[in-house]
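Fold and geometry: a report
Below, each chain spelled out in residue letters.
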Amino acid sequence: MARYKAIQDIMENIDEELVVCNIGFPSRELYEINDRSRNFYMIGSMGLASSIGLGLALSKPGDDIVVIDGDGSLLMNMGSLATVFANNPSNLTWIIIDNGAYGSTGNQDTYAQLIDLVETAKGVGFKNSFHYLDIDLKEVINSEDASFIVYETEPGNSKAPIIDIDPITIKERFMSSI
Amino acid sequence: MDSNDAVYDGLKDAGIDFVVSVPCVNLSEILNRLDEDPEIIHVPVTREEEGIGICAGAYLGGKKPAILMQNSGLGNSINALKSLTELYEFPLVMIMSHRGTEGESIVGQIPMGESTPRILEAMNFNFFKPQTPEAAYDDIRLSWEMSEEEGKPISILLEIKYW
């Protein structure tokens, strides 16, 4: 199975949570699967999904934030592991869909194929670092520490179309939904 | 007016309530004061680009964010400032210790220091270079509103001789 099914699985657990989604096919697929005003779709700035999620989590401690990130994007912003861990917002759940590939650019291999990301986050200090298939996502979302979850999939993109709402609208409808 | 007071008071009077930072020796007193201010969330970051993302998230969450950094951090943030901050019209105040300017003792600061204003010009971002604390206070105090109106970051460059 590929990323599309992983996003479907994740979204089955989402009610009122605010979702920040990684650039490229992940956002396109999320848009097709379950477009909602409480989704923030990244159109640029690869690597920053977890950073946007962190800023949001610290600003809105009463809301639960779920970040849908990717292994290639995580590798581009590894410092975020330190910053999220150190700030430890209990309302932040950071999910890496790890397909071992730069999916949106033609499925080139990433170094994540060689790295155990769950152990990496544990090594940084995350108390909650899990494989998706071992947990109940809703329980983890409601836990008392920031959480890091890796959902391993095969590479591959669906035929989800390009998002046809403009960035300002994505931002404005997201903010009015909070 | 003291040079540190000018920056701190300017940020407060602009309504800034969320700050990310990568330190510079010239910003150290301000960063300490931000840490002690219960009205401001201060998040030190590992790299400036990550800070640009955090500021975007903070704005989505209703905060008025600023980044404090050396001008070297501008170089580390260019893509995010364009493909996140400008693309979505996120307001942002950028306070930069402008190294590599008159009085610089570290040779490594000079190339980026010389290019910094021209990089901002090429990015089509407005910036101020206040020479006195009074001017810095005024520029910073008005910077948030300006950034909101323009839908782009506003930078305040504080050269070595400013301090």
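Everything below is about the structure shown above.
The sections below set out a description of the structure shown in this document. Here the structure is a predicted model, which means the values were calculated and not measured.

1. Here's the deal with the overall build of chain B
The helix and strand tally for chain B stands at seven helices and six strands. Computed over the C-alpha atoms, the radius of gyration of chain B is 14 Å, within 12% of the 15 Å expected from 2.2 N^0.38 for a compact globule of 163 residues. Summarising its shape, the C-alpha atoms of chain B cover approximately 40 × 35 × 30 Å along the three principal directions. Counting only residues that meet the buried cut, chain B has 54% of its 163 residues in that class. Sequence-distant contacts, at least 24 apart, represent 74% of the contacts inside chain B between residues at least 6 apart.

2. Quick word on the overall build of chain A
Helix and strand counts for chain A stand at eight helices and eight strands. In terms of overall size, chain A behaves like a compact globule, its C-alpha atoms giving a radius of gyration of 15 Å where 178 residues would be expected to give roughly 16 Å. With the C-alpha coordinates of chain A rotated into their principal frame, the extents come out at 40 × 40 × 25 Å. The buried share of chain A, reckoned over its 178 residues, is 48%.

3. Description of the sheet that holds strand β3 (residues 65-70) of chain A
Residues and elements named next belong to chain A. Taken together, six strands build an open sheet; the order of strands is β2-β1-β3-β4-β8-β7 and the sheet is parallel. The open sheet has two edge strands with one neighbour each: β2 (39-41) and β7 (128-131). For this sheet, the mean inter-axis angle between neighbouring strands, taken without regard to orientation, is 15°.

4. Here we look at the pairing of strand β1 (residues 18-21) of chain B
All names here are of chain B. Of the two faces of β1, the one carrying F18 and V20 and the one carrying V19 and S21 are both buried. As paired elements, β1 and strand β2 (residues 41-44) share four bridges and run parallel to each other. Pairing of V19 across the sheet is with H42, part of β2. For the handedness criterion, the β-α-β arrangement of β1, helix α2 (residues 28-36) and β2 is classed as right-handed. Inspection of the sheet shows β1 paired to strand β3 (residues 65-70) by four bridges, in the parallel sense. Paired with V19 across the two strands is A66, which belongs to β3.

5. Here we look at the sheet that holds strand β4 (residues 92-98) of chain B
Taken in spatial order, the six strands of this open sheet run β2-β1-β3-β4-β6-β5 (chain B), and their pairing is parallel. Only two strands of the sheet have a single partner each, and these edge strands are β2 and β5 (127-128) of chain B.

6. Quick word on the packing of helix α3 (residues 49-59) of chain A against helix α5 (residues 79-87) of chain A
Residue and element names in this part refer to chain A. For the pair α3 and α5, interaxial distance at closest approach is 10 Å and the crossing angle is 15°. Compared by their axis directions, α3 and α5 come out roughly parallel. Where α3 crosses over α5, the handedness of that crossing is left-handed. Counted together, S50, S51, L54 and L58 of α3 and S80, T83, V84 and N87 of α5 form the full contact between these two elements.

7. What to know about unusual backbone geometry
One non-glycine residue with positive phi stands out, namely N107 of chain A, at about 60°. Relative to the elements of secondary structure, N107 of chain A occurs in the loop between β5 (101-102) and β6 (108-109). With 15 C-beta atoms counted inside 10 Å, the residue N107 of chain A sits in the partly exposed group. Residues other than glycine seldom take positive phi values, yet E89 of chain B does so here, at roughly 55°. Tracing the chain through its elements places E89 of chain B in the loop between α5 (78-86) and β4.

8. Quick look at the environment of Y151 of chain A
Residue and element names in this part refer to chain A. Locating Y151 in the fold gives a position in strand β8 (residues 147-152). Separated by 15 residues in the primary sequence, Y151 and D136 have C-alpha atoms spaced 12 Å apart. Excluding anything up to four places from it in sequence, Y151 contacts A6, I95, I96, I97, D98 and Y132.

9. Examining α5 of chain A
S80, L81, T83 and V84 of chain A are the residues of α5 of chain A that are buried. Each element contacted by the buried residues of α5 of chain A is listed here: α3, β4 (92-98) and α6 (117-124) of chain A together with α3 (48-60) of chain B. Downstream of α5 of chain A by one or two residues, N88 of chain A has phi in the positive range, about 45°.

10. Description of the packing of helix α1 (residues 3-14) of chain B against helix α7 (residues 133-150) of chain B
All names here are of chain B. Where α1 contacts α7, the two axes come as close as 7 Å, and the packing angle between them is 20°. It follows that α1 is roughly parallel to α7 by the angle criterion. Seen from above, α1 lies across α7 with right-handed handedness. In contact with S3, D5, A6, V7, D9, G10, L11, D13 and A14 of α1, α7 contributes P133, A136, Y137, I140, R141, S143 and W144. Among the residues forming the contact of α1 with α7, the class breakdown is nine nonpolar, three polar and four charged.

Cut-offs applied
- Residues numbered from 1 in each chain as written.
- Chains lettered and ligands numbered in written order.
- Predicted model: local features only at pLDDT ≥ 70, side-chain atom pairs only at ≥ 80, totals over all residues.
- Helix = DSSP H or I, 4+ residues; strand = E, 2+ residues; numbered from the N terminus.
- Rg over C-alpha atoms; globule rule 2.2 N^0.38 Å.
- Buried ≥ 20, exposed ≤ 12 C-beta atoms within 10 Å, placed from the backbone.
- Contact = placed C-beta atoms within 7 Å.
- Pairing = 2+ DSSP bridges.
- Axes fitted to C-alpha atoms, helices over the stretch in contact; angles between N-to-C directions.
- Right-handed = clockwise from strand over helix to strand, strands pointing away.
- Parallel < 35°, antiparallel > 145°, perpendicular 65-115°, else oblique.
- Left-handed = near helix turned anticlockwise from the far one by under 90°.
- Nonpolar A, V, L, I, M, F, W, Y, C, P; charged D, E, K, R; others polar.

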